[in-house]
Amino acid sequence: TMPHSHPTNTSLWELHLTGIPGLQHLHHWISIPFCVMYLVTLAGNSILLCLIKADPSLHLPMFLFLSMLAVIDLVMSTCITPKMLGIFWFHSTAISLDACLTQMYFVHAFSAMESGVLVAMAFDRYVAICNPLRYLSILSSPVVAAIGLAILLRAVVFMSPLTFQIRRLPLRSPAVVDHSYCEHMAVLKVACGNTAFSSIYSLSVSTCVVSFDSLLIALSYALILRAVLSLSSPQAHKKAFSTCGSHLCVMALFYIPGLLSMYMERYHQELPSHIRILLGDLYLLIPPAFNPLIYGIRTKQICDGARRVISR
């Protein structure tokens, strides 16, 4: 199919993703930063995982959470970027219903997991700074494993109903999804039947997860800053502000565009659709590329670990 024509022979087991509606003529250009971000994500997160595995001094709770984040980022960007680039480069818009639902499930479940890991990392920093002597006894290996399992279960329990709900709805033909990946709200628009439950459930779960997690993160960082400001050394203040600042920027990049794109998808139909869709793409593409840089390469232990591994 040509990028502009809507395919009409859609079997109902197949959907078509439009890419970025209204910007099809720019798909080749848009694909360049997307492709670069994906390559940075693959390289950064893989290097980080290899480093943490290779250097025993990095087998600490903080770096175990960082490894979880790296795995989540690799899965999340791999489940959307190759297909997106296929649309941008080869106009391969078709996607089977099962592949679409799998992609949707992974995107939403792994976003929820990423959010949970960011909370765990904020808690980890809080314990390390405010209770350093008991750090390893509070965050023992069984506790870290339990936190990881809880993050996984929460994502599965919250996100499974979304996919099952859509699986049961008939799709209208042609099933053309105005998005560059199978985003839940966008797929819901090509479903017939009563989609109210699905739509309300999706918005409320996302809002609850984001609000709850952001509050916990804000609380952790507020307590960290309070603890640091009670120290006298200006050097410590500077370091804490720089670390907290960069962490909070990455978190804002993850939470704000994600929620905005969802609410716009639901309520602001008059907004140009490419703005909504670019927001939805960027919140899944930017944090995975930046996380290894912000949390990894700027961390002294990781740099020292890298030197040790290289010198070995």
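Residues numbered from 1 in each chain as written. Predicted model: local features only at pLDDT ≥ 70, side-chain atom pairs only at ≥ 80, totals over all residues. Heavy atoms only, no water.

The chain has the name Olfactory receptor in an unreviewed UniProt entry, where Corythaixoides concolor is given as its organism. Taken directly from UniProt, the Sequence similarities (unreviewed entry) text for the chain runs: "Belongs to the G-protein coupled receptor 1 family." Comment text from UniProt for the chain, heading Function (unreviewed entry), reads "Odorant receptor." (UniProt positions renumbered as here; feature names shortened; annotations may be inferred.)

Now for the UniProt feature "transmembrane region" (unreviewed entry) in the chain. Under the UniProt annotation, "transmembrane region" (unreviewed entry) lies at residues 29-51, 63-85, 105-123, 135-157, 203-228, 240-263 and 275-297. End-to-end, the C-alpha atoms of residues 135-157 are 30 Å apart, and along that stretch the chain is 91% helix and 0% strand. In the segment residues 240-263, helix accounts for 100% and strand for 0%; the C-alpha atoms at its two ends are 34 Å apart. (Helix = DSSP H or I, 4+ residues; strand = E, 2+ residues; numbered from the N terminus.)

What the largest pocket holds in volume is close to 640 Å³. As for the largest pocket, its lining consists of 28 residues, of which Met62, Arg125, Lys239, Thr243 and Thr299 are closest to the centre. Going through the elements one at a time, α2 (61-90), α3 (97-130), α7 (196-229), α8 (234-267), α9 (273-297) and α10 (300-311) are the ones with two or more residues in the lining of the largest pocket. Space inside the second largest pocket adds up to approximately 290 Å³. If you trace the second largest pocket, you find 15 residues lining it, with Gly116, Val119, Ala120, Phe212 and Leu216 closest to the centre. Taken together, the elements giving at least two residues each to the lining of the second largest pocket come down to α3, α5 (141-168) and α7. Among the residues making up the lining of the second largest pocket, the classes are represented as 11 nonpolar, two polar and two charged. (1 Å grid on protein atoms, 1.4 Å probe; cavity = no way out; pocket = protein on both sides within 12 Å on 5 of 7 lines; lining within 4 Å. Points joined across faces, edges and corners; volume = space filled by probe spheres on them. Nonpolar A, V, L, I, M, F, W, Y, C, P; charged D, E, K, R; others polar.)

Time to look at a nonpolar patch on the surface. Taken together, the side chains of Leu26, Trp29, Ile32, Val36 and Val40 define a hydrophobic patch exposed on the protein surface, amounting to about 470 Å² of accessible area. With respect to the helices and strands, Ile32 occurs in helix α1 (residues 27-54). (Patch = residues over 30% accessible without salt bridge, like charges linked within 9 Å, V, L, I, M, F, W, Y side chains within 5 Å. Areas by Shrake-Rupley, 256 points an atom, 1.4 Å probe, with all protein chains shown as cover. Salt bridge = Lys/Arg side-chain N within 4 Å of Asp/Glu carboxyl O.)

This paragraph deals with α5. With 28 residues, α5 ought to run about 40 Å at 1.5 Å a step, and its terminal C-alpha atoms sit 41 Å apart, in line with that. Of all the bends found along α5, the most pronounced is centred on Met159 and spans about 30 degrees, while Pro161, a proline, follows it within four residues. (Expected span 1.5 Å × (residues − 1). Bend = angle between axes of the 7 residues up to and from the residue.)

Here the focus is the environment of Tyr126. Along the chain, Tyr126 falls in helix α3. Overall, Tyr126 belongs to the partly exposed group, its relative accessible area being 28%. As a C-alpha pair, Tyr126 and Ala222 span 96 residues in sequence and 9.3 Å in three-dimensional space. With residues near it in sequence (within four places) discarded, Tyr126 still touches Asn131, Ser220, Leu223 and Ile224. (Buried < 20%, exposed > 50% of the residue type's maximum accessible area, 1.4 Å probe, protein only. Contact = heavy atoms within 4.5 Å.)

This part takes up the environment of Met251. As for its placement among the helices and strands, Met251 is situated in helix α8. When its relative accessible area of 4% is taken as the criterion, Met251 is described as buried. Taking the C-alpha atoms as reference, Met251 lies 26 Å from Pro234; in sequence the two are 17 residues apart. Apart from residues lying up to four places away in sequence, Met251 is in contact with Leu118, Ile217, Tyr221 and Tyr295.

The geometry of α2 relative to α5 is characterised by a closest axis approach of 10 Å and an angle of 25 degrees between their N-to-C directions. As summarised for this structure, α2 and α5 are arranged roughly parallel, according to the angle between their axes. The hand of the α2/α5 crossing is right-handed. Contact residues: α2 offers Pro61, Leu64, Phe65 and Met68, while α5 offers Val144, Ile147 and Gly148. (Axes fitted to C-alpha atoms, helices over the stretch in contact; angles between N-to-C directions. Parallel < 35°, antiparallel > 145°, perpendicular 65-115°, else oblique. Left-handed = near helix turned anticlockwise from the far one by under 90°.)

As enumerated under the stated definition, the model contains six aromatic pairs in all. Note on Phe106 and Phe110: the rings are 5.5 Å apart at their centroids and 10 degrees apart in plane angle, and the pair reads as stacked. Remark: Phe110 and Phe106 occur in helix α3; sequence separation between them is four residues, near one turn of the helix. Note on Phe110: relative accessible area 14%, which makes it buried. Joined through ring pairs, the aromatic side chains of Tyr105, Phe106 and Phe110 make up one cluster. (Phe/Tyr/Trp six-rings, centres within 6.5 Å; stacked < 30°, edge-to-face > 60°.)

A word on the pattern of salt bridges. Following the criterion strictly, the structure yields five salt bridges and no others. One salt bridge connects Arg125 with Asp124, and the closest N-O pair in it is separated by 2.8 Å. Note on Arg125: relative accessible area 18%, which makes it buried.

Below, the discussion takes up the sheet that holds strand β1 (residues 14-17). Ordered by their spatial adjacency, three strands build an open sheet running β2-β1-β3, and the pairing between neighbours is mixed. Looking at which strands have only one partner, the edges of the open sheet turn out to be β2 (94-96) and β3 (176-177). The pairing of β1 with β3 spans two bridges and is parallel. Paired with Leu17 across the bridge in β3 is Val177. Packing of α3 onto the sheet brings it into contact with β1 and β2, and relative to β2 it is tilted by some 85 degrees. (Pairing = 2+ DSSP bridges.)

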